[in-house]
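# Overview (structure and organization)
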Amino acid sequence: MSELKVYNSYSRQKEVFTPLTRGHVGMYVCGPTVSGESHLGHARPYITFDVIYRYLQHLGYKVRYVRNITDAGHFEEEGREAEDKISKKAVLEKLEPMELVQKYTNLFHWAMAQFNTIPPTIEPTATGHIVEQIGMIQQLIQAGYAYEVNGSVYFDLKKYAASHDYGKLSGRVIEDLLETTRELEGQEEKKDKADFALWKSVAPEHIMRWQSPWGVGFPGWHIECSAMATKYLGPEFDIHGGGMDLLFPHHESEIAQSTICNHSAPVRYWIHNNMITINGRKMGKSYNNQIRLTEMFSGDHPLLEKAFHPVTIRFFILQTHYRSTLDFSNEALQASEKGLKRLWEAYENLGRLTMTGEGAAAKEAELDVKVRRLLDEFDEFMNDDFSTAKVLANMFEIVPVINSMKDKTVPVTALSKETFELLQSKFKTWIEDILGLKSVTEADNEKLRGVMQLLIDIRREAKGKKDFATSDKIRNQLAQLGITLKDEKGGEMSWSIE
RNA sequence: GGUCCUGUGGCCGAGUGGCUAGGCAGAGCUCUGCAAAAGCUCCUACAGCGGUUCGAAUCCGCUCGGGACCUCCA
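This is a predicted model, so every value here is computed, not measured. (Residues numbered from 1 in each chain as written. Chains lettered and ligands numbered in written order. Predicted model: local features only at pLDDT ≥ 70, side-chain atom pairs only at ≥ 80, totals over all residues. Heavy atoms only, no water.)

## Quick look at the overall build of chain A
The cut-off we apply is this: Runs of E in the DSSP output that reach at least two residues are strands. Runs of H or I that reach at least four are helices, and both are numbered from the N terminus. Under the scheme applied here, a residue whose accessible area is under 20% of the maximum for its type counts as buried, over 50% as exposed, and between as partly exposed, the area being computed with a 1.4 Å probe on protein chains only. Whether two residues touch is decided by their heavy atoms; if any such pair falls within 4.5 Å, the residues are in contact.
For chain A, the helix and strand inventory stands at 16 helices and 16 strands. For chain A, the spread of C-alpha atoms along the principal axes amounts to about 90 × 55 × 35 Å. The buried share among the 498 residues of chain A stands at 50%. In chain A, the proportion of contacts linking residues at least 24 apart, taken out of those at least 6 apart, comes to 75%.

Here it is as structure tokens:
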């Protein structure tokens, strides 16, 4: 089998993946900031890395997958920021940041479950690792790469850049950075405009604040990830993932911090997913064009023509390569919805097929060879930097074969027994375990099956008597309920919920 | 302004210099009481202009268009 190759943002090329510790993989992915609700764009990294996580496990690796929750910082909720400043209110009337954190953490976990993502093995919170972050900042100060000013601590970029390659990951030139960085609040106290905050002191009315050797404040965003990644994955680990928009300054800064503290570059393979765009523009708060996940699922948004099932969104995302931008549109989502339905129904049909007796000695037959080629390519494509789009394309090429066997226009025995069994088992493993897809129709229980079977029997009897009024009534009324009945060859009937 | 990415058929999107991507939509046919589904067939494109090459969507240059990052951002 071919070996896994991943595109490393750091070297800007595909590299053979070799983990640091044989049989084990350490992977860190930047998680959500839980001061607000996740939108469609946020779904992409978590689904992308979920598939990577699943695939690494499929390859036999034991994976420690760490994804943080950023719950520290300057927290505000829409419409409530003004209250933040009023300190004389009763405790219960005041904005309690942990309430926000809890609310949006819960919502995030719910959405991730809807997407059928597997929870990370460790999901550390920033607030739970203040001690580690302070420790790391102290190390940086002792090493001479950070300095304190008025209770805040900054990273000394110029000093770091003098002996290290700052900017390599994001293709930045340090001299330009020192020139072009914009004016920001608190700039004057920094040595250089490009220096980033490790610890920010805050005024007493701020709610999110912790005691530190430099006074009361809160940790900088970049140090959070460095501290937690180091704690759980060690000074050097295999994969660090996140959106491309985090390349600079977040990941670049992480490299700088960790390199000083741990005396080595922290990450071997940097993997970055591209953005989801809407009308050609990145979806994000800067453009005020987000569609929240709850809105995607409910269809309750001016830009949405209908609701979309989370698994449809997952499929939509996997139909493109993770390093390409993906443009949102109702049309594209609906195409995914229909495509997924077709694929999933074929997959279910495949499970019901059985090979009776011996498959023909078909090893040389054209169809057998084709199916085996398409199946073999699953591994090849996935090993080539996780080309889920190509895996899905191959699955779609197999769909007509399955449907023809189901309709008996092609006998199951057109395949060898070996190939048929491989088809069944491999399709299941890949579509469910690796791509993490599942049925979009949930109302699938025993009682409903029984009722449907009854209706189908009655309808079949009516049809036998050419009582089309009754047979049509059953079909039409079910259609109104969103259940489609389909007559199939040989008098069989099947049904599906829209 | 700097750095980088990108422009594929009606839409979404794969694409390693030569070999059908795939999905959705559309057209025809088959099956069928009708419908739906399914199967088969068709629709065969690479922004423009140059260049390299026996051969380019794929490499190079220029032009035009779109975008990302440089500030919180998945």
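Moving on from the coordinates now.
## Brief notes about the pattern of salt bridges
What counts here: The salt bridge definition used is simple: a Lys or Arg side-chain nitrogen within 4 Å of an Asp or Glu carboxyl oxygen.
This structure, assessed with the given rule, holds 25 salt bridges. Its salt-bridge partner being Arg 314, residue Asp 50 comes within 2.7 Å of it at the nearest N-O pair. Separated by 264 residues along the polypeptide, Asp 50 in helix α1 (residues 40–58) and Arg 314 in helix α10 (residues 310–318) bring together distant segments of the chain. In this structure, Asp 50 and Arg 314 share a single accessibility class: buried. When the shortest N-O distance is used, the salt bridge between Glu 446 and Arg 449 registers 3.8 Å. Within this pair, Glu 446 and its partner Arg 449 are both found in helix α15 (residues 446–464), separated by three residues, close to a single helical turn. Given a relative accessible area of 62%, Glu 446 falls into the exposed group. Connected via shared salt-bridge partners are Asp 50, Arg 54 and Arg 314.

## Remarks on the sheet that holds strand β3 (residues 24–29)
In plain terms, the rule: For two strands to count as paired, DSSP must find a minimum of two bridges between them. A fitted line through C-alpha atoms represents every axis, and for helices the fit uses only the stretch in contact; the resulting angles, taken between N-to-C directions, go from 0 to 180 degrees.
The strand order across the open sheet built from four strands is β4-β3-β10-β11, with neighbouring strands paired in parallel fashion. At either margin of the open sheet sits one strand with a lone partner, and together these are β4 (62–67) and β11 (267–273). Neighbour-to-neighbour, the strand axes of this sheet turn through a mean angle of 20°, independent of strand direction. Relative to β4, β3 is paired through six bridges, and the arrangement is parallel. Across the sheet, residue Val 29 finds its bridge partner in β4, namely Arg 67.

## A word on the domain arrangement of chain A
Quick reminder of the rule: Segment limits for the domains were obtained from an automatic or database-derived domain assignment. The term buried area denotes the loss of accessible surface (1.4 Å probe radius) that occurs when two parts are joined, taken as the sum for both partners.
If you check the domain split of chain A, you get domain 1 (5–273), domain 2 (281–434) and domain 3 (446–497). Taking the mean C-alpha position of each, domain 1 and domain 2 sit 34 Å from one another. With 32 residues of domain 1 at the contact, the number on the domain 2 side is 36 residues. Both faces considered, domain 1 and domain 2 share a buried interface measuring about 3,100 Å² in area, 65% of it formed by carbon and sulfur atoms.

## Focus on the sheet that holds strand β12 (residues 276–278)
The strand order across the open sheet built from three strands is β13-β12-β14, with neighbouring strands paired in mixed fashion. Sheet topology places β13 (281–282) and β14 (326–328) at the edges, where each strand pairs with a single neighbour. Where β12 meets β14, three bridges bridge the pair, whose relative direction is parallel. Bridged to Ile 276 within β14 is Leu 326.

## Describing the packing of aromatic side chains
As a reminder of what qualifies: Under the pairing criterion, centres of Phe, Tyr and Trp rings, with the six-membered ring standing for Trp, must be within 6.5 Å; the plane angle then separates stacked pairs below 30 degrees from edge-to-face pairs above 60, leaving the rest tilted.
In this structure the tally under the stated criterion is 19 aromatic pairs. An angle of 55° between the planes, with centres 5.8 Å apart, marks the rings of Tyr 55 and Trp 430 as tilted. Here Tyr 55, found in helix α1, pairs with Trp 430, found in helix α14 (residues 417–434); they are 375 residues apart in sequence, far enough to count as distant. Look at Tyr 55 and you get buried, because its relative accessible area is 0%. Taking the centre distance of 4.9 Å and the plane angle of 10° together, the rings of Phe 155 and Phe 196 count as stacked. Here Phe 155, found in strand β6 (residues 152–155), pairs with Phe 196, found in the loop between α6 (174–180) and β7 (197–201); they are 41 residues apart in sequence, far enough to count as distant.

## Quick word on the protein's contact with RNA strand B
What counts is decided by this rule: The near set for a molecule or strand comprises every residue that places at least one heavy atom within 4 Å of it. Under this definition, polar contacts are N or O atom pairs within 3.5 Å; protein pairs additionally need one hydrogen-donor-capable and one acceptor-capable atom, and for neighbouring residues in sequence, both atoms have to be side-chain atoms. Residue classes follow a fixed rule: Ala, Val, Leu, Ile, Met, Phe, Trp, Tyr, Cys and Pro count as nonpolar, while Asp, Glu, Lys and Arg count as charged, and any other residue, Gly among them, counts as polar.
Near RNA strand B you find 60 residues, and of these His 42, Trp 221, Leu 246, Lys 282 and Thr 320 are the closest. Backbone atoms, meaning sugar and phosphate, form 68% of the atoms of RNA strand B found within 4 Å of the protein. For RNA strand B, a base nitrogen lies 2.9 Å from a polar atom in the backbone of Ile 276. Ranked by residue count, the leading element in the surface near RNA strand B is helix α13 (residues 388–406), at seven residues. Looking at the surface near RNA strand B residue by residue, the class counts come to 18 nonpolar, 21 polar and 21 charged.

## A look at the nonpolar core
Where we set the bar: For this analysis, a nonpolar core means a set of buried residues of the types Ala, Val, Leu, Ile, Met, Phe, Trp, Tyr and Cys, connected via side-chain atoms within 4.5 Å.
With 85 residues, the main nonpolar core has Leu 56, Met 395 and Phe 427 as its most contacted residues. Element by element, the count of residues in this core is highest for α1, at 10 residues. When residues of this core are assigned to domains, at least three fall in each of domain 1 (5–273) and domain 2 (281–434). The residues contacting Leu 56, other than those within four sequence positions of it, are Leu 4, Phe 17, Val 25, Met 27, Tyr 61, Val 63 and Ile 239. Core analysis: the second largest hydrophobic core is formed by 41 residues, Val 66, Phe 155, Trp 199 and Ala 227 among them.

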